[in-house]
Amino acid sequence: MITAIVLIKTSVDRIPEIAEQIAALDSVSEVFSVTGTYDLIAIVRVRQHEDLAEVIPGRISKIPGVEGTDTHVAFRAYSQHDLEAAFAIGLDS
């Protein structure tokens, strides 16, 4: 599995809608709104490097309001935290 971290510049007034459209894509596992130079960060997971071209310039970059992307391909994962469990702390009664 190949993981890419995609930093995304968007139209600021459309961040929530753009984030939802990106999150709905099959190869996107998470989307975060963030502070700083970029507006969103998406985690993309694909089987082959060629699939990155279909997802990032082929889909993400074509969403209206996406102004640019900066993609970083991960070499190795050093942590295997369960993000869903981490964000669900205190929600179970």
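Residues numbered from 1 in each chain as written. Predicted model: local features only at pLDDT ≥ 70, side-chain atom pairs only at ≥ 80, totals over all residues. Heavy atoms only, no water.

So, on to the overall build of the chain. When helices and strands are tallied, the chain shows three helices and four strands. Mapped in sequence order, the helices and strands of the chain form the string β-α-β-β-α-β-α. Expressed as a percentage of its 93 residues, the buried residues of the chain come to 30%. Across the chain, every contact between residues at least 6 apart in sequence was considered, and the portion connecting residues at least 24 apart equals 66%. Of the roughly 6,400 Å² of accessible surface on the chain, a fraction of 53% belongs to carbon and sulfur atoms. (Helix = DSSP H or I, 4+ residues; strand = E, 2+ residues; numbered from the N terminus. Buried < 20%, exposed > 50% of the residue type's maximum accessible area, 1.4 Å probe, protein only. Contact = heavy atoms within 4.5 Å. Areas by Shrake-Rupley, 256 points an atom, 1.4 Å probe, with all protein chains shown as cover.)

The next subject is the side chain of Ser 27. Its location among the elements puts Ser 27 in the loop between helix 1 (15-23) and strand 2 (28-33). Setting aside residues no more than four positions away along its own chain, Ser 27 makes contact with Ile 43, Val 44, Arg 45, Val 46 and Val 55.

Take the side chain of Ser 11 next. Structurally, the position occupied by Ser 11 is in the loop between strand 1 (2-10) and helix 1. When its relative accessible area of 19% is taken as the criterion, Ser 11 is described as buried. If near-sequence neighbours (up to four positions away) are discounted, Ser 11 is found in contact with Ile 18, Gly 65 and Glu 67.

Okay, the sheet that holds strand 3 (residues 40-46) next. An order of 2-3-1-4 is seen for the four strands of this open sheet, with the pairing classed as antiparallel. Of all the strands in the sheet, the pair left with one neighbour each is strand 2 and strand 4 (66-73). Adjacent strand axes in the sheet meet at a mean angle of 20 degrees when their direction is disregarded. Strands strand 1, strand 2, strand 3 and strand 4 of the sheet are contacted by helix 1, whose axis makes an angle of about 165 degrees with strand 2. (Pairing = 2+ DSSP bridges. Axes fitted to C-alpha atoms, helices over the stretch in contact; angles between N-to-C directions.)

This part takes up the pairing of strand 1. For strand 1, the buried fraction is high: seven of the nine residues fall into the buried class. Relative to strand 3, strand 1 runs antiparallel, the two being bridged by seven bridges. Its bridge partner lying in strand 3, Val 6 is registered against Ala 42.

A word on the nonpolar core. In this structure, Ile 8, Ile 22, Val 44 and Ile 60 are the most contacted members of the largest nonpolar core, which totals 20 residues. For this core, the elements supplying multiple residues, two or more each, are strand 1, helix 1, strand 3 and helix 2 (49-55). When residues no more than four places from it in sequence are discounted, the contact partners of Ile 8 are Ile 22, Tyr 38, Asp 39, Leu 40, Ala 42, Ile 60, Val 66, Gly 68 and Thr 69. (Core = buried A, V, L, I, M, F, W, Y, C linked by side-chain atoms within 4.5 Å.)

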